[in-house]
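Residue-level listing of the chains:
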Amino acid sequence: MITVAVSGINAMDNPGPGVGIIRALKESALNVRTIGLAFDSMEPGIYLDHLIDKSYIMPYPSGEVKSFINRIQDIHSREKLDVIISTLDAELPVYMDIELTLRQWGIQMLIPSKKMFNLRNKTKLEDISKAINILTPEYISCSSYGDLVKATQTIGFPCMIKGPFYEAFKANSMGEADNYFNKLTEKWGFPIIAQKFVKGQEYDVVGCGDGNGNSMGLFAIKKMTTTSLGKVWNAVSIKNERLLETCHQLLKHLSWRGGFELEVLIDEHSDDIYLLEINPRFPAWVYMSSACGINLPERMVRFLLDMPYETHSNYDSGKIMIRYTNEILKDISDFEQISSYGELENNERLP
Amino acid sequence: MNIEHLATLAISDSGFIFDPCTGDTYNTNEIGLKIIQWIKKGKDFNELMDLLIAHYDVTEEELEADLLDFIQTLKYYHMV
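Only a predicted model underlies this, so the values are computations on that prediction, with no experimental measurement involved.

Colleague: Go over the overall build of chain B, please, and point to the residues and values.
Modeller: Helix and strand counts for chain B stand at 3 helices and 3 strands. Along the chain direction, N to C, the helices and strands of chain B fall in the order β-β-β-α-α-α. What you see for chain B is a C-alpha radius of gyration of 12 Å, in line with the 12 Å of a compact globule of 80 residues. Counting only C-alpha atoms and orienting by the principal axes, one finds that chain B spans roughly 35 × 25 × 20 Å. Out of the 80 residues in chain B, the part that is buried amounts to 35%. Of the contacts formed within chain B by residues at least 6 apart in sequence, a portion of 38% connects residues at least 24 apart. As presented, chain B carries roughly 4,900 Å² of accessible surface, and 50% of it is formed by carbon and sulfur atoms. Averaging the locations of the 5 positively and 15 negatively charged side chains of chain B gives two centres separated by 9 Å.

Colleague: Which residues make up the layout of surface pockets, and what values do they have?
Modeller: All names here are of chain A. Considered as a void within the structure, the second largest pocket measures approximately 1,100 Å³ in volume. Lining the second largest pocket are 33 residues, with Ala11, Val19, Leu48, Tyr324 and Asn326 positioned closest to its centre. Elements that contribute at least two residues to the lining of the second largest pocket include exactly helix H1 (18–26), helix H9 (286–291), strand S14 (320–322) and helix H11 (332–341). Across the lining of the second largest pocket, the residue classes break down as 21 nonpolar, 5 polar and 7 charged.

Colleague: Can you break down the nonpolar core residue by residue, with the values?
Modeller: Residues and elements named next belong to chain A. Judged by nonpolar contacts, the single largest core of 69 residues is most densely connected at Val4, Ile85, Phe219 and Leu262. The element best represented in this core is helix H8 (residues 241–254), accounting for 6 residues. With residues up to four places along the chain from it excluded, the contact list for Phe219 reads Asp204, Val205, Val206, Ser237, Trp285, Met288, Ser289, Cys292, Ile294 and Tyr315.

Colleague: Provide a residue-level description of empty space enclosed by the protein, including the pertinent values.
Modeller: Residue and element names in this part refer to chain A. Applying the stated criterion across every chain yields a total of 1 cavity of 30 Å³ or more. Considered as a void within the structure, the largest cavity measures approximately 80 Å³ in volume. As for the largest cavity, its lining consists of 13 residues, and the residues nearest its centre are Ile85, Ser86, Leu110, Ile111 and Met300. Of all the secondary-structure elements, those providing two or more residues to the lining of the largest cavity are strand S4 (83–85) and strand S12 (257–267). By residue class, the composition of the lining of the largest cavity is 9 nonpolar, 3 polar and 1 charged.

Colleague: Lay out the state of the cysteines with the relevant residues and their values.
Modeller: Taken as a whole and assessed by the stated rule, the structure comprises 0 disulfides over all chains. Cysteine Cys208 of chain A remains unbridged, with the sulfur of Cys247 of chain A as its closest cysteine sulfur at 12 Å.

Colleague: Give me the sheet that holds S4 of chain A: which residues, what numbers.
Modeller: Residues and elements named next belong to chain A. Taken in spatial order, the 5 strands line up as S4-S1-S2-S3-S15 in an open sheet, and their pairing is mixed. The strands lining the two open edges of the sheet, one partner per strand, are S4 and strand S15 (343–345). Averaged over all adjacent pairs, the angle separating strand axes in this sheet is 20°, with direction ignored. Across 6 bridges, strand S1 (residues 2–7) lies against strand S2 (residues 32–38) in parallel orientation. From the neighbouring strand, Val6 faces S2, where its bridge partner is Gly36. Contacting S1, S2, strand S3 (54–57), S4 and S15, helix H2 (residues 65–79) crosses the sheet at an angle of about 160° to S3.

Colleague: Can you tell me about the side chain of Asp204 of chain A, naming the residues and giving the values?
Modeller: All names here are of chain A. Its location among the elements puts Asp204 in strand S9 (residues 200–210). Residue Asp204 is classed as buried on the basis of its relative accessible area, which comes to 1%. Not counting residues up to four positions away in its chain, the partners in contact with Asp204 are Phe219, Ala220, Ile221, Lys223, Val232, Glu261, Leu262, Glu263 and Trp285.

Colleague: Which residues make up unusual backbone geometry, and what values do they have?
Modeller: Residues and elements named next belong to chain A. Of note, the bond from Phe157 into Pro158 is cis; its omega dihedral lies within 30 degrees of zero at -5°. Across the junction of Phe190 and Pro191, the peptide omega takes the value -5°, indicating a cis bond. Within the element layout of this structure, Pro191 appears in the loop between helix H7 (174–188) and strand S8 (192–196). Despite not being glycine, Asp271 shows a phi value in the positive range, around 70°.

Colleague: Quick rundown of the pattern of salt bridges? Include the residues and the values.
Modeller: Residues and elements named next belong to chain A. Counting across every chain of the model gives 25 salt bridges over all chains. Linking Glu343 and Arg78 is a salt bridge whose minimum nitrogen-to-oxygen distance equals 2.8 Å. Of this pair, Glu343 sits in strand S15 while Arg78 sits in helix H2, and the two are 265 residues apart along the sequence. Take Glu343: its relative accessible area is 16%, and that puts it in the buried class.

Colleague: How would you sum up the interface of chain B and chain A? Please name residues and give values.
Modeller: Facing 7 residues of chain B, the contacting portion of chain A comprises 11 residues. Taken together, both faces of the contact between chain B and chain A bury some 660 Å²; the carbon and sulfur share is 44%. When residues of chain B are sorted by the area they lose upon contact with chain A, Phe18, Pro20 and Cys21 of chain B head the list and together hold 49% of the total. Between Lys222 of chain A and Asp24 of chain B there is a salt bridge, with its nearest N and O atoms 2.8 Å apart. For the pair chain B and chain A, the interface holds 5 residue pairs in polar contact (both at pLDDT 80 or more). Across the side of chain B that touches chain A, the residue classes tally to 3 nonpolar, 3 polar and 1 charged.

Colleague: Break down a nonpolar patch on the surface for me, citing the residues and quoting the values.
Modeller: Together, Met42, Ile332 and Phe335 of chain A line one region of the surface with nonpolar side chains, adding up to about 320 Å² of accessible area. The residue Met42 of chain A is located in the loop between S2 and S3 in this model.

Colleague: A description of the environment of Ile9 of chain A should follow, citing residues and the corresponding values.
Modeller: All names here are of chain A. Mapped onto the fold, Ile9 is located in the loop between S1 and H1. Looking at Ile9, the relative accessible area reads 0%, which means it is buried. Every residue in contact with Ile9, bar those within four places of it in the chain, is listed here: Gly18, Val19, Ile22, Gly36, Leu37, Ala38, Glu43, Pro44, Gly45, Ile46, Ile52 and Ser55.

Cut-offs used in this document
Residues numbered from 1 in each chain as written. Chains lettered and ligands numbered in written order. Predicted model: local features only at pLDDT ≥ 70, side-chain atom pairs only at ≥ 80, totals over all residues. Heavy atoms only, no water. Helix = DSSP H or I, 4+ residues; strand = E, 2+ residues; numbered from the N terminus. Rg over C-alpha atoms; globule rule 2.2 N^0.38 Å. Buried < 20%, exposed > 50% of the residue type's maximum accessible area, 1.4 Å probe, protein only. Contact = heavy atoms within 4.5 Å. Areas by Shrake-Rupley, 256 points an atom, 1.4 Å probe, with all protein chains shown as cover. Lys, Arg positive; Asp, Glu negative; His and termini not counted. Charge placed at Lys NZ, Arg CZ, Asp CG, Glu CD. 1 Å grid on protein atoms, 1.4 Å probe; cavity = no way out; pocket = protein on both sides within 12 Å on 5 of 7 lines; lining within 4 Å. Points joined across faces, edges and corners; volume = space filled by probe spheres on them. Nonpolar A, V, L, I, M, F, W, Y, C, P; charged D, E, K, R; others polar. Core = buried A, V, L, I, M, F, W, Y, C linked by side-chain atoms within 4.5 Å. Disulfide = S-S within 2.5 Å. Pairing = 2+ DSSP bridges. Axes fitted to C-alpha atoms, helices over the stretch in contact; angles between N-to-C directions. Salt bridge = Lys/Arg side-chain N within 4 Å of Asp/Glu carboxyl O. Buried area = accessible area lost by both parts, 1.4 Å probe. Polar contact = N/O pair within 3.5 Å; in protein donor to acceptor, adjacent residues only side chain to side chain. Patch = residues over 30% accessible without salt bridge, like charges linked within 9 Å, V, L, I, M, F, W, Y side chains within 5 Å.

Listed below in structure tokens is the structure:
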């Protein structure tokens, strides 16, 4: 039995990747006990007993590192964790700081180094896009309202106003840019990115790098519909060799270590590929790749535990992912357990 | 006409077209489907005109405008 802890089990309208990762692991050939790491008692993953065997409430990563690491130590003493899969941008820097300690305890992680993490920052995309021979829409990083005014004068309208972590809006005028700027700074802080608007279609690729420039598998989609936050809701699998080659170059250039999501836009007139974002972890739609035969969470776990794993990217195009909402009923005692004791056992560990 | 890309498209009997490279989907009718199939077989514009006149009740003048329009649509979507 392999025990894998996964964060980001908030399967809500802006879902974390955790539930998809756990589903991929449960459907794999591995015998896995799954541990959900949640920040809030109402994260739906906690209550999904067919997927998550036990959940624990974690301290927020923005707090003291000591309390974060103490909580992991406490969980590890009871669960004997083999692997942790971190899925949230905000907690990754903490895990980078403590990865060595975790390894000494016998817990493996496949995450980027701080240098890799910083290189794919939204404010440094131009350097990466040049290195891997694609384009990036002109953008200016704004740390004040004055910066925004200057940036929009340079870039012009329409332009995209993007938060440092999440959310992006198309602004057609200074009034709209002003509104989105305030909305995003209030929610996510600085810097805000003002980016030239390029008309085209958005594509995403999910993959995993072994830290030596090699791919552990790639899977590409076209977004069919998105939520108001720009998150994928429906998607279709595609086979686009130019996109996959771009990912191979990216993996080599950064010697990327861990899961990632490459977000690009293909200009509808010129067919040029524009780099929009590199997310340093698996995306929320990662289950789609495993359902199509590229089980990246399973490959990651096998890699970390020195088990044989596949690296191919052979999948069918034309498979569509339909995301939907659902409801489950649980007893209030489950909520009591997680909110009062910070943990909820869904399925006892078998001897 | 360049049929290299057209050959990669998944085209069903109902006229539903899926481009596996871009994820784009299209619908065409029975006549559009026939024209695409003939183009895939390497027929040029004049041969398409002859085939369509032989199969449908249409004048050469009407057909020429419609066929040019249809081929322009295929070019717009990067199919040919």
